[in-house]
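Breakdown of the fold
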Number of protein chains: 2
Amino acid sequence: MEQEYASSLLENAVTELSRLPGIGRKTALRLALHLLRRDSSEARALGESIIKMRDEISYCRSCHNISETELCPVCSDVRRDHSVVCVVESVRDVICFERTRQFSGVYHVLGGLISPLDGIGPDQLEIDSLVERVSSGEISEVILALSATMEGDTTNFYIYRRLGTLPVRITQLARGVSVGNEIEYTDEVTLGRSLLNRTDFATSSR
Amino acid sequence: MEQEYASSLLENAVTELSRLPGIGRKTALRLALHLLRRDSSEARALGESIIKMRDEISYCRSCHNISETELCPVCSDVRRDHSVVCVVESVRDVICFERTRQFSGVYHVLGGLISPLDGIGPDQLEIDSLVERVSSGEISEVILALSATMEGDTTNFYIYRRLGTLPVRITQLARGVSVGNEIEYTDEVTLGRSLLNRTDFATSSR
């Protein structure tokens, strides 16, 4: 194998790049040869940014989002409503909700969803810490903002059961027709939910 | 911008990853979050392999393929026929020809093709060194193995003109129907060429 690329250095880089999700050996080779054609400083900047990120990034003590400080920018922002907690699967989902600019509360990042098939149980997720956070009594609403999949539903239900006895309002994201989508191409389950949970025209259409 | 990802370390890694060809910011974020979930040693191995490859890889003095030694494994192999030189565009093409296991000669990597639209002239390619190599008198055949594109044809013709006065046989790759392709879906130019350059059945069909 080592002879395939005429250089074990190239071979190594291709092997490491192809460990990334969605990148096969062919793409990895294309990326490596691209880096070889570019200035040495570019490869160094890329390599160092990856190592530095992995070594130095830490997690927010409160919401478990990535953070460079003990509390992330959201959790340390006094202008945000700390009594409303939006429960999300991942760091990426926090970025998605922040982009909407529609949420002024704080987050709780689970770090995954319950998925027996993948061997992920409640213990591997930040669910105990959520229960603890809500038990403090300072939380008035928990918004379950997980994906509308079987794993998301399972996790929603598990959290609902764990929080059931605490005096907190538990809500979940509205399920309905996506903005911009045509009725014709919306599946019947979504359409049925959107009918059941219809909202008053005057308040919802802005 | 820096606030988009809650961490400038993540931001940096995403920016550097998205400089790679075919990788946008969305994919770069996915790769970065993947690395954050994996062991620290994996990110370090990736980062270091990239830096090491770019800093330490050098080029073969004879054929300009990548190499860790002064002469690449192909050029230093005495069992190969050093009088037959296969002219290719890139390091990747050498890998492609080596995979065929059909070529026992040596290579000459041009490092690109003549492309006036992209501002690439003959001076930026390893053409002078090819002429020099052939001028030594030790080369009996030069195989032009460039892509069947306008840039490939232009480069072929330019090299043909430059080598024209030297006592060397100049050949090019056969153009014809790809193995596994149906006649119905082969374009007429290729089909015409495959008819003109037909070969004796007994020798070519193995």
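Reference entry: report on the structure contained in this document.

Moving on, we come to the overall build of chain A. On a plain count of helices and strands, chain A comes out with 8 helices and 6 strands. Along chain A, helices and strands appear, N-terminal first, in the series α-α-α-β-β-β-α-β-α-β-α-β-α-α. Relative to a compact globule of 206 residues, whose C-alpha radius of gyration would be 17 Å, chain A shows 22 Å and is clearly more extended. Each principal axis of the C-alpha distribution contributes one length, and for chain A these read about 65 × 45 × 35 Å. A burial count over chain A gives 42% of its 206 residues as buried. The long-range share in chain A, meaning contacts at least 24 apart out of those at least 6 apart in sequence, stands at 46%. For chain A, the computed accessible surface area is about 12,100 Å², with 51% contributed by carbon and sulfur atoms.

With that settled, consider the relation of the copies chain A and chain B. After a rotation of 180 degrees and a shift along the axis of 0.0 Å, chain A superposes on chain B with an RMSD of 0.1 Å. Both copies of the chain, as the preceding transformation shows, are related through a two-fold rotation axis. Relative to the rotation axis, the C-alpha of Gly47 of chain A is the closest in chain A, positioned 1.9 Å from it. When the interface residues of chain A are mapped onto chain B, 100% of them again fall at the interface, so both copies present the same face.

All names here are of chain A. Along the chain, the position of Leu113 falls in the loop between β4 (106–109) and α5 (128–135). The exposure class assigned to Leu113 is buried, which follows from its relative accessible area of 9%. Taking the C-alpha atoms as reference points, Leu113 and Leu146, separated by 33 residues in sequence, lie 8.3 Å from one another. Once residues within four sequence positions are removed from consideration, Leu113 is found in contact with Glu89, Ile120, Leu125, Leu146, Thr149, Glu151, Gly152 and Thr155.

Packed helix pairs are specified by the crossing angle of their axes together with the interaxial distance, meaning the distance between the axes. Running from N to C, helix α2 (residues 25–37) of chain A and helix α4 (residues 91–100) of chain B point in directions that differ by 140 degrees, and their axes come no closer than 10 Å. Contacts between α2 of chain A and α4 of chain B involve Leu29, Arg30 and Leu33 of chain A on the former and, on the latter, Val91, Arg92 and Ile95 of chain B. Tallied by class, residues from the contact of α2 of chain A with α4 of chain B come to 4 nonpolar, no polar and 2 charged.

Taken together, the contacts link 53 residues of chain A with 53 residues of chain B. Across the chain A/chain B interface, buried area totals approximately 5,200 Å², and carbon plus sulfur atoms make up 70% of it. Applying the counting rule to chain A against chain B returns 2 salt bridges. Ionic pairing is found between Arg44 of chain B and Asp55 of chain A, a salt bridge with its closest N-O pair at 2.4 Å. Inspection of the chain A/chain B interface yields 14 residue pairs in polar contact (both at pLDDT 80 or more). Among the elements of the structure, α1 (8–17), α2, α3 (40–56), β2 (66–67) and α4 (91–100) of chain A are those that each provide at least two residues to the side of chain A that touches chain B.

A separate point is α4 of chain B. Within α4 of chain B, the full set of buried residues consists of Val91, Asp93, Val94 and Ile95 of chain B. Tucked into the core, α4 of chain B has its buried residues touching α2 of chain A together with β2 (66–67), β3 (84–88) and β4 (106–109) of chain B. Count one or two residues on from α4 of chain B and you reach Arg101 of chain B, which has phi positive near 55 degrees.

As a packed pair, α3 of chain A and helix α2 (residues 25–37) of chain B sit with axes 9 Å apart at the nearest point and diverge in direction by 45 degrees. As far as their axial angle goes, α2 of chain B and α3 of chain A are oblique. Where α3 of chain A crosses over α2 of chain B, the two elements pack in a sense that is right-handed. Counting all contacts with α3 of chain A, which are made through Ile50, Met53 and Arg54 of chain A, the residues of α2 of chain B involved are Ala32, Leu35 and Leu36 of chain B. Class assignment for the residues of the contact of α3 of chain A with α2 of chain B results in 5 nonpolar, no polar and 1 charged.

Residues and elements named next belong to chain A. Reading across the sheet, the 4 strands line up as β4-β3-β5-β6 and stay open at both edges, with parallel pairing between neighbours. For this open sheet the edge positions go to β4 and β6 (169–172), each flanked by a neighbour on one side alone. When the angles between neighbouring strand axes are averaged without regard to direction, this sheet yields 25 degrees. Here strand β5 (residues 141–144) pairs with β6 via 4 bridges, running parallel. Note on β6: the bridge partner recorded for Val142 is Ile170. Relative to the sheet, α4 contacts β3 (84–88) and β4, its axis offset from that of β4 by approximately 160 degrees.

The phi dihedral of His64 of chain A falls on the positive side, at around 70 degrees, and the residue is not glycine. With respect to the element layout, His64 of chain A can be found in the loop between β1 (58–59) and β2. One non-glycine residue with positive phi stands out, namely Arg101 of chain B, at about 55 degrees. Note that Arg101 of chain B resides in the loop between α4 and β4.

So, on to the environment of Glu11 of chain B. All names here are of chain B. One can find Glu11 in helix α1 (residues 8–17). Residue Glu11 is classed as buried on the basis of its relative accessible area, which comes to 9%. Distance in space between the C-alpha atoms of Glu11 and Ala32 is 9.3 Å, their sequence separation being 21 residues.

Reading the values: rules and limits
- Residues numbered from 1 in each chain as written.
- Chains lettered and ligands numbered in written order.
- Predicted model: local features only at pLDDT ≥ 70, side-chain atom pairs only at ≥ 80, totals over all residues.
- Heavy atoms only, no water.
- Helix = DSSP H or I, 4+ residues; strand = E, 2+ residues; numbered from the N terminus.
- Rg over C-alpha atoms; globule rule 2.2 N^0.38 Å.
- Buried < 20%, exposed > 50% of the residue type's maximum accessible area, 1.4 Å probe, protein only.
- Contact = heavy atoms within 4.5 Å.
- Areas by Shrake-Rupley, 256 points an atom, 1.4 Å probe, with all protein chains shown as cover.
- Least-squares fit on C-alpha atoms with pLDDT ≥ 70 in both.
- Axes fitted to C-alpha atoms, helices over the stretch in contact; angles between N-to-C directions.
- Nonpolar A, V, L, I, M, F, W, Y, C, P; charged D, E, K, R; others polar.
- Buried area = accessible area lost by both parts, 1.4 Å probe.
- Salt bridge = Lys/Arg side-chain N within 4 Å of Asp/Glu carboxyl O.
- Polar contact = N/O pair within 3.5 Å; in protein donor to acceptor, adjacent residues only side chain to side chain.
- Parallel < 35°, antiparallel > 145°, perpendicular 65-115°, else oblique.
- Left-handed = near helix turned anticlockwise from the far one by under 90°.
- Pairing = 2+ DSSP bridges.

From the geometry alone we can't say anything about function, so treat these as descriptive.
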